Amino acid sequence: MARFGPRGRTETTGSIGIVLAVVAVVLLLVLSFRQGSNASDFTLVKIAEYKSRQQHLRVELKQCQSTLSKDGVAAQSQDAEVKDLMRKNKALDLENQKLVAESELLDKKSIECVEHAETQKHIWSQEDLQNAALIRRLEAQRAGLVANSTHLVKTKGMKSMLLEAGVLNLMKEHTALRAMLKLAPLTSSAEEYLETLLVKWQNKGVHNGTNAIMNVNSSEYRVTGRRRKTNVDYDWTREQTSAVRVFFQKRKNGAYNRPSWMGHVGNGKLKKGVHDTDYISQSSLPQQIRMLYDYALCAMGNNATSFVYPAYFKATPEADTIDNLQNLIETPLLGFCAQCRPQETTAEFKLACLGTATETTYGSIFFWRMRSRIRFLNTFLLAADTWMAEQGLAKSMGVRLRRGDWEQECTNSWQFGSPQLSYTRLLQRRSKEVSADFEGQCYPSIPQVIKTVNSVVAEHGFEKVYFSSNANEKDWDALRQGITVPIVRRETPDNDSTAIAIDIIIASKQKYLITNRFDLTGSQMVELFLLEHYLKSETAAKWITVW
């Protein structure tokens, strides 16, 4: 069996034993031969046998030497390989030492990182505990801001917010002045402060004008703010700059002139508000126009052209469509806005618009300057002219007659004391009145209507009568049979704002007008009728009759 010695050489145990045995035998034979030269034949036979064996041993010795030579060459080759492996092993030992050193360094850094993380975590935990009260306060403030934002979205607009901010600044100045004057500190809130301003300025600047159409009849309605002092003796024939005062509508080259104000002509683009949803008011077109008055009067009173009014509304709660006031009305006094909330009920609006409200200024020149610049679009004006031409209404009169559920609505209006501004400020004691009792004024009978219309027709020679009315077929047949001249009317559903607009225009363009003192639509017919006649003082007395 072959094995490596200490120096890497190969030793063959079996071969060395054979060689030693052969040498021993040879020595014994030589000695025996020298000592027994006179040996017997037996000895010669043995010698011959020994020689044969010697020869055999020599052959084996040569074979062994050949094997040893081959084993030496293999041993030398293996010794080179061993040296190469030892060299590689030494290099690997050096690399392993480096890796062990790096591993120890990483272990040390890892321990330091874990200790630092635990320390920082402990510090942060302590800070969180210390800031817990602050976090709770911030959450409470955030909830308050969310609630306030929701309130602003539902009730106020951007201009109201700016106005409120201005009032808060005034409160700060007021507080500083009280401190300088050594007065008691101001303890009221912003809302309370606004209310005190409104109370303080109430009933100031009341103006009692003369008995003219454009004069406010102050005895008919309690004054809620400052009354504007206007030129109640205004005469349009002497006014050379009527465009900057009262705007009179005229048709030229197939179209009507457009109202202007502060460099603006007609409507601007529909503006976008700051809220997420559109505000949809549920009110008729005449009600929308009446609410629009307050915004336009306020804008004119403050010389502002950036006021906006919510554009979208539904004529009736059951209406399937949503109307856009910008598609019906043209005015340069303010803009129409989507996603805007109404402001007329807020204290900020009342403060900014103090003294310009409709109830305060209705009938004054200031009011007519505003009202003349709110008109229906050219499309509806021309449509009304076309329909009148088709019906032959060149020499005719108009009648506003409400039927159906109007009797109960009119009674409620009278019982709750709703002001009839058109009647009290423009027509009372100036126009003819048919009835002295409430029932006749609110809901005249068909025979009374026939009698009154025939009387006016006979007096002025009108050839046709236009009825703005929702009378049923039975009443309509009775009117056709009783009135001495042809009568016509245009179908006007309560939820059709376009039809209502054309109906108001047609009635206001007639030569004579009979109206209802309690009816809002009738009051707007009166306003446009007076503008058609250039606000002449004798118009109401001669050309208007009230039920």
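Analysis parameters
- Counting of residues starts from 1 at the beginning of each chain's written sequence and follows it residue by residue.
- With the structure being a predicted model, the display of local features is reserved for residues of pLDDT at least 70 and the display and counting of side-chain atom pairs for 80 or more, all residues being used for whole-chain, interface and lining totals.
- For the side-chain quantities, the full set of heavy atoms in the structure was used; hydrogens and water were omitted.
- Strands here mean DSSP runs of E at least two residues long; helices mean DSSP runs of H or I at least four residues long; both are numbered from the N terminus.
- Categorising residues by exposure relies on relative accessible area from a 1.4 Å probe, with only protein chains included: less than 20% of the type maximum marks a residue as buried, more than 50% marks it as exposed, and the intermediate range marks it as partly exposed.
- Any two residues whose heavy atoms approach within 4.5 Å at even a single point are treated as in contact.
- Here the rule is simple: two strands pair whenever DSSP picks up at least two bridges between them.
- Aromatic pairs are defined between Phe, Tyr and Trp rings, using the six-membered ring for Trp, whenever the two ring centres lie within 6.5 Å; interplanar angles under 30 degrees are classed as stacked, those over 60 as edge-to-face, and all others as tilted.
- For a lysine, the NZ atom is tested; for an arginine, the CZ atom; a charge sits over a ring if that atom is within 6 Å of the ring centre and within 35 degrees of the ring normal.
- The disulfide criterion is simple: two cysteine sulfur atoms within 2.5 Å.
- Put simply, buried Ala, Val, Leu, Ile, Met, Phe, Trp, Tyr and Cys residues joined by side-chain atoms within 4.5 Å make one nonpolar core.
- Patches here are clusters of residues that have more than 30% relative accessible area and form no salt bridge, with a 9 Å joining cutoff for like charges and a 5 Å cutoff for nonpolar side chains (Val, Leu, Ile, Met, Phe, Trp, Tyr).
- Using a 1.4 Å probe, accessible areas were evaluated by the Shrake-Rupley method; residue-level cover was limited to the displayed protein chains.
- One side-chain nitrogen of Lys or Arg within 4 Å of one carboxyl oxygen of Asp or Glu is enough to make a salt bridge.
- In this description, a line fitted to the C-alpha atoms serves as the axis of each element, helices being fitted only across the stretch in contact, and the angle between N-to-C directions of two axes falls anywhere from 0 to 180 degrees.
- In this scheme, a crossing is called left-handed if the near helix is turned counterclockwise away from the far one by less than a right angle; it is called right-handed if the turn is clockwise.
- Each residue is assigned to one class: nonpolar for Ala, Val, Leu, Ile, Met, Phe, Trp, Tyr, Cys and Pro, charged for Asp, Glu, Lys and Arg, and polar for all the others, Gly among them.
- pLDDT expresses how confident the predictor is about each individual residue, on a scale running from 0 to 100.
- Expected span of a helix, by definition, is 1.5 Å for each gap between consecutive residues, and there is one gap fewer than residues.
- Here a polar contact means two N or O atoms within 3.5 Å. Within protein one must be a hydrogen donor candidate and the other an acceptor candidate, and residues neighboring in sequence count only if both atoms are side-chain atoms.

### Remarks on the overall build of the chain
On a plain count of helices and strands, the chain comes out with 17 helices and 20 strands. Here the chain, with 547 residues, has 39% of them falling under the buried criterion. Of the contacts formed within the chain by residues at least 6 apart in sequence, a portion of 76% connects residues at least 24 apart.

### Some points on the pairing of strand β15 (residues 396–401)
With respect to burial, β15 is a largely interior element, six of its six residues being buried. The alternating pattern of β15 places Ser396, Gly398 and Arg400 on one face and Met397, Val399 and Leu401 on the opposite face, and all of these are buried. Bridge analysis of β15 against strand β17 (residues 464–469) gives six bridges, and the strand direction is parallel. Bridged to Met397 within β17 is Val465. In this structure, β15 lies alongside strand β19 (residues 513–515), joined through two bridges in parallel fashion. By the bridge assignment for β19, Val399 is matched with Ile514.

### So, unusual backbone geometry
Although it is not a glycine, Met262 sits at a positive phi angle of roughly 50°. Mapping Met262 onto the fold places it in the loop between β5 (260–261) and β6 (264–265). With a phi angle near 65°, Arg429 is a residue other than glycine that sits in the positive phi range. Secondary-structure assignment places Arg429 in the loop between α11 (421–427) and β16 (432–433).

### A closer look at the packing of aromatic side chains
Any pair of aromatic rings gets described here by the distance separating the centres and the angle formed by the planes. Evaluated as defined, the whole model comprises 10 aromatic pairs. Both rings, one in Phe367 and one in Trp368, keep their centres 5.3 Å apart while their planes meet at 70°; by these two values the pair is edge-to-face. When its relative accessible area of 0% is taken as the criterion, Phe367 is described as buried. Here Trp368 falls in the buried class, since its relative accessible area comes to 0%. Among the aromatic side chains, those forming a connected cluster through ring pairs are Tyr293, Tyr362, Phe367 and Trp368. Over the aromatic face of Tyr443 sits the side chain of Arg403, whose NZ or CZ is 4.0 Å from the ring centroid.

### A few points about the state of the cysteines
Under the definition given, this model contains one disulfide. The disulfide partner of Cys410 is Cys442, and the S-S distance across this bridge is 1.7 Å. One end of the pair, Cys410, is in helix α10 (residues 406–415); the other, Cys442, is in helix α12 (residues 438–442), and 32 residues separate them in sequence.

### Things to note about the nonpolar core
With 65 residues, the main nonpolar core has Leu285, Ile329, Met370 and Phe376 as its most contacted residues. The dominant element in this core, judged by the number of residues it contributes, is helix α5 (residues 285–301), at 10 residues. By size, the runner-up hydrophobic cluster in this structure holds 20 residues, among which are Met397, Phe467, Val485 and Ile514.

### Here's the deal with a nonpolar patch on the surface
On the surface, a cluster of nonpolar side chains totalling about 360 Å² of accessible area is made up of Leu177, Met180 and Leu181. The topology assignment puts Leu181 in the loop between α3 (158–180) and α4 (190–200).

### Structural notes on the pattern of salt bridges
Inspection of every chain in the model, using the stated rule, returns 15 salt bridges. Between Arg489 and Glu473 there is a salt bridge, and its shortest N-O distance comes to 3.6 Å. Here Arg489, found in strand β18 (residues 487–489), pairs with Glu473, found in helix α14 (residues 473–482); they are 16 residues apart in sequence, far enough to count as distant.

### Concerning the packing of helix α9 (residues 378–391) against helix α15 (residues 497–508)
Two numbers describe how α9 lies on α15: the axes approach to 9 Å, and their chain directions differ by 65°. Considering the relative orientation of α9 and α15, their crossing is right-handed. Within the contact between the two elements, α9 uses Phe380, Leu381, Ala383, Ala384, Trp387 and Met388 and α15 uses Thr498, Ile502, Ile505 and Ile506. For the contact of α9 with α15, the class distribution of residues is nine nonpolar, one polar and no charged.

### So, the sheet that holds strand β8 (residues 281–282)
In space, the three strands of this open sheet follow the order β8-β10-β11, with mixed pairing throughout. Among the strands making up the open sheet, the edge pair consists of β8 and β11 (323–324). In the sheet, strand β10 (residues 312–314) pairs with β11 via two bridges, with the strands oriented antiparallel. Pairing of Tyr312 across the sheet is with Asn324, part of β11.

### Let's talk about the side chain of Ser372
Summarising the element assignment, Ser372 is placed in the loop between α8 (365–371) and β14 (375–376). Given a relative accessible area of 5%, Ser372 falls into the buried group. When neighbours within four sequence positions are excluded, Ser372 is seen to be in contact with Arg245, Val246, Phe247 and Leu531.

### Comments concerning the confidence of the model for the chain
Reading fine detail from the predicted coordinates is not recommended where pLDDT is low. Scored by pLDDT, the chain has a mean of 76; 72% of the residues are at 70 or more. Ignoring residues within four places in sequence, the model shows residues 1–12, a span with pLDDT below 50, making 14 contacts including any to other chains. This stretch, residues 203–243, has a pLDDT under 50; its non-local contacts, to residues over four places away or in other chains, come to 92 contacts.

### So, α15
Over its 12 residues, α15 runs 17 Å from end to end, which matches the ideal 16 Å to within 8%, given 1.5 Å per residue. Most of α15 sits inside the fold, with 11 of its 12 residues counted as buried. Considered for burial, the residues of α15 that qualify are Ser497, Ala499, Ile500, Ala501, Ile502, Asp503, Ile504, Ile505, Ile506, Ala507 and Ser508. For α15, the capping residue at the N-terminal end is Asp496, with a side-chain oxygen 3.3 Å from the backbone nitrogen of Thr498.

### Considerations on the sheet that holds β18
In space, the six strands of this open sheet follow the order β16-β20-β19-β15-β17-β18, with parallel pairing throughout. The sheet is open, and its two borders are formed by β16 and β18, each paired with just one other strand.

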